[in-house]
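Structure at a glance
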Amino acid sequence: MGLLAEKRVLLGITGGIAAYKAAELTRLLRASEAQVRVVMTRAATAFVAPLTFQALSGHPVHLDLLDATEESAMGHIALARWADLILIAPASADFMAKLRAGLADDLLSALCLAAETPIALAPAMNRAMWANPATCDNVRCLKSRGFRVFGPAEGEQACGESGVGRLLEPSDILRSAETLFALGGLTGHSVLISAGPTREAIDPVRYIGNRSSGKMGYALARSALAAGARVTLVSGPVSLQAPQGVKLVRVESAAQMYEAVVGLASSHDIYIGAAAVADYSPAKRAERKIKKRDEAISIELTRTRDILAAVAQLSNPPFTVGFAAETDHLEDYAKAKLADKKLDMVAANRVGKPEGGFDSEDNALHVFWRDGEGYLPMAPKSLIATQLIELITEHYAAKNSAQNPG
Ligand code: C5P
């Protein structure tokens, strides 16, 4: 059975030439054994007739907010409660602006406002409309409120122009929708994540730091939450907002991160060390600002303690996942790290251009475990995080069932 089997998908169709692709999407959803109900805006009906969707979904299409018969049969509140997922494809620029503003003057916008289930948007519009600061701002705001945005794709547009704004292909929308239901495997489990850089003080104003932005660790925290886990995030100094629902512990130095993580690790089921922990720290921190002089100075550095190795060596360690950021010999170094630090899994990424990694929006990961490996190709960190959490969930569950057979 597929991930969408028996899931109740409310497909919202807004006005745009790409509305015709929603017919194929409806067919694919039904072929995946999802239950589908279709809601169309008035503008959408100018592009494709509701009868098409009635035939493909097997149910009458919902059109009006104030239709007396519809309200009594299945009104906007009932439709919003019915759905496991509201998927709007195509989502026009106008409709996203309405969602952002919280308008509720037609059936689809009203039920989105009343919804307590996830809402996914597959935008489709002219490239200049997509690039317009108003649309960018609306999309950013909707994402921060938890809306999922699938696409858009780049290519030829109906208007004859070419650029970013095309509706994703229906099969890609379907795959993206499936990933939303792939999660949930960590309900009742706890995940500890370390993220961001550390700062090693030289004197009261200077420190040794690194380029880590914390984006990967924060995206992992979000995905672990979405998978149903209780999440604690130990974070070095970053300019990111912690996802709502995460327990945040702020630290600055490698030593503080060590104390926080090692102290919390035994009370968590899974530990993911995504932080870029300094390997060296000044042997002593000057009490006062070091004055500039003509001659060179040197700072003595001492090794920091390895947090990941310490967690893996606890008497009752959590399922332990490390990261390996390497510029070369990625596979050899990652495998060595897995063995030397006695980890359950290592996620390796190449740092330095052209691939993602530090301070980048995208990432690609080569993941190793004791008897296998997997590759997550270059994608936005949010998607990579979801895929990595899925892999971790799978191997964590396998380890548990091996340790507790029956
Ligand atoms: O050995 P290396 O520093 O390359 O390993 C990287 C992994 O080890 C990352 O997961 C990082 O969070 C972790 N690490 C650590 N404590 C350190 C150094 C690295 O937990 N002092």
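Residues numbered from 1 in each chain as written. Predicted model: local features only at pLDDT ≥ 70, side-chain atom pairs only at ≥ 80, totals over all residues. Heavy atoms only, no water.

Overview of the overall build of the protein chain
If you tally the helices and strands in the protein chain, you get 15 helices and 19 strands. The C-alpha extent of the protein chain, read off along each of the three principal axes, is 80 × 60 × 35 Å. Here the protein chain, with 406 residues, has 49% of them falling under the buried criterion. In the protein chain, the share of contacts with a sequence separation of at least 24, taken over all contacts with a separation of at least 6, comes to 66%. Carbon and sulfur atoms make up 51% of the accessible area of the protein chain, which amounts to about 20,000 Å² in all. (Helix = DSSP H or I, 4+ residues; strand = E, 2+ residues; numbered from the N terminus. Buried < 20%, exposed > 50% of the residue type's maximum accessible area, 1.4 Å probe, protein only. Contact = heavy atoms within 4.5 Å. Areas by Shrake-Rupley, 256 points an atom, 1.4 Å probe, with all protein chains shown as cover.)

Observations regarding helix α12 (residues 254-265)
Here α12 is twelve residues long and its end C-alpha atoms lie 16 Å apart, about the 16 Å a rise of 1.5 Å per residue gives. For α12, the full list of buried residues reads A254, M257, Y258, A260, V261, L264 and A265. On the buried face of α12, the contacting elements are β8 (190-195), β9 (200-201), β11 (230-235), β12 (247-250), β13 (270-273) and α13 (307-312). (Expected span 1.5 Å × (residues − 1).)

Concerning the sheet that holds strand β16 (residues 319-326)
Read across the open sheet, the eight strands follow the order β12-β11-β8-β13-β16-β17-β18-β19; overall the sheet is mixed. On the outer flanks of this sheet lie β12 and β19 (372-380), each paired with one strand and no other. Neighbour to neighbour, the strand axes of the sheet diverge by 15° on average, direction disregarded. Where β16 meets strand β17 (residues 345-350), six bridges bridge the pair, whose relative direction is parallel. In the sheet register, E326 faces β17, and the bridge partner there is R350. Its contacts with the sheet place helix α11 (residues 215-226) against β8, β11, β12, β13, β16 and β18 (362-369), and it is angled at close to 170° to β11. Sheet strands touched by helix α14 (residues 330-340): β16, β17, β18 and β19. Its angle to β17, the strand with the most contacts, is close to 155°. (Pairing = 2+ DSSP bridges. Axes fitted to C-alpha atoms, helices over the stretch in contact; angles between N-to-C directions.)

With respect to the nonpolar core
Within the largest apolar cluster, 35 residues are counted, with the highest numbers of intra-cluster contacts made by L220, I272, F323, L365 and L388. Top contributing element to this core by residue count: helix α15 (residues 381-403), with seven residues. Once residues lying within four places of it in the same chain are set aside, the contact partners of F323 are M216, L220, I272, G273, A274, K337, A347, N349, L365 and L388. A18, A22, A34 and V36 belong to the second-largest nonpolar core, a separate cluster that totals 33 residues. (Core = buried A, V, L, I, M, F, W, Y, C linked by side-chain atoms within 4.5 Å.)

As for a nonpolar patch on the surface
Taken together, the side chains of Y280, I297, I299 and L301 define a hydrophobic patch exposed on the protein surface, amounting to about 370 Å² of accessible area. With respect to the element layout, L301 can be found in strand β15 (residues 301-303). (Patch = residues over 30% accessible without salt bridge, like charges linked within 9 Å, V, L, I, M, F, W, Y side chains within 5 Å. Salt bridge = Lys/Arg side-chain N within 4 Å of Asp/Glu carboxyl O.)

Topic: the packing of aromatic side chains
For the structure on display, the rule yields one aromatic pair. When the ring of F319 is compared with that of Y396, the centres are 6.0 Å apart and the planes differ by 75°; the resulting orientation is edge-to-face. Of this pair, F319 sits in strand β16 while Y396 is found in helix α15, placing the two residues 77 residues apart along the sequence. Residue F319 shares its accessibility class with Y396, and that shared class is buried. Lying over the aromatic face of Y258, R305 brings its terminal NZ or CZ to 3.8 Å of the ring centre. (Phe/Tyr/Trp six-rings, centres within 6.5 Å; stacked < 30°, edge-to-face > 60°. Lys NZ or Arg CZ within 6 Å of the ring centre and 35° of its normal.)

A closer look at the site of the ligand
Around the ligand, the surrounding shell holds 14 residues, and the nearest of these are G273, A275, L308, F323 and K337. One of the backbone N or O atoms of R305 is found 3.0 Å from a nitrogen atom in the ligand. For the ligand, an oxygen atom lies 2.8 Å from a polar atom in the backbone of F323. For the ligand, whose accessible area on its own is 450 Å², the fraction buried by protein is 85%. Only α13 and β16 provide two or more residues apiece to the shell around the ligand. The residue inventory of the shell around the ligand, partitioned by class, reads six nonpolar, three polar and five charged. (Near = heavy atom within 4 Å. Polar contact = N/O pair within 3.5 Å; in protein donor to acceptor, adjacent residues only side chain to side chain. Nonpolar A, V, L, I, M, F, W, Y, C, P; charged D, E, K, R; others polar.)

Points about the domain arrangement of the protein chain
Interface extent is often summarised as the accessible area lost during association of the parts. Domain annotation of the protein chain identifies domain 1 (8-179) and domain 2 (190-285 + 297-403). Relative placement of domain 1 and domain 2: their C-alpha centres are 37 Å apart. (Domains from an automatic or database assignment.)

A short note on unusual backbone geometry
Backbone torsion omega between A89 and P90 reads -5°, so that peptide bond is classified as cis. In this chain, G151 is followed by P152 through a cis amide linkage whose omega measures 5°. Here P152 is to be found in the loop between β5 (148-149) and β6 (153-156). Backbone geometry places E33, a non-glycine residue, at a positive phi of 70°.

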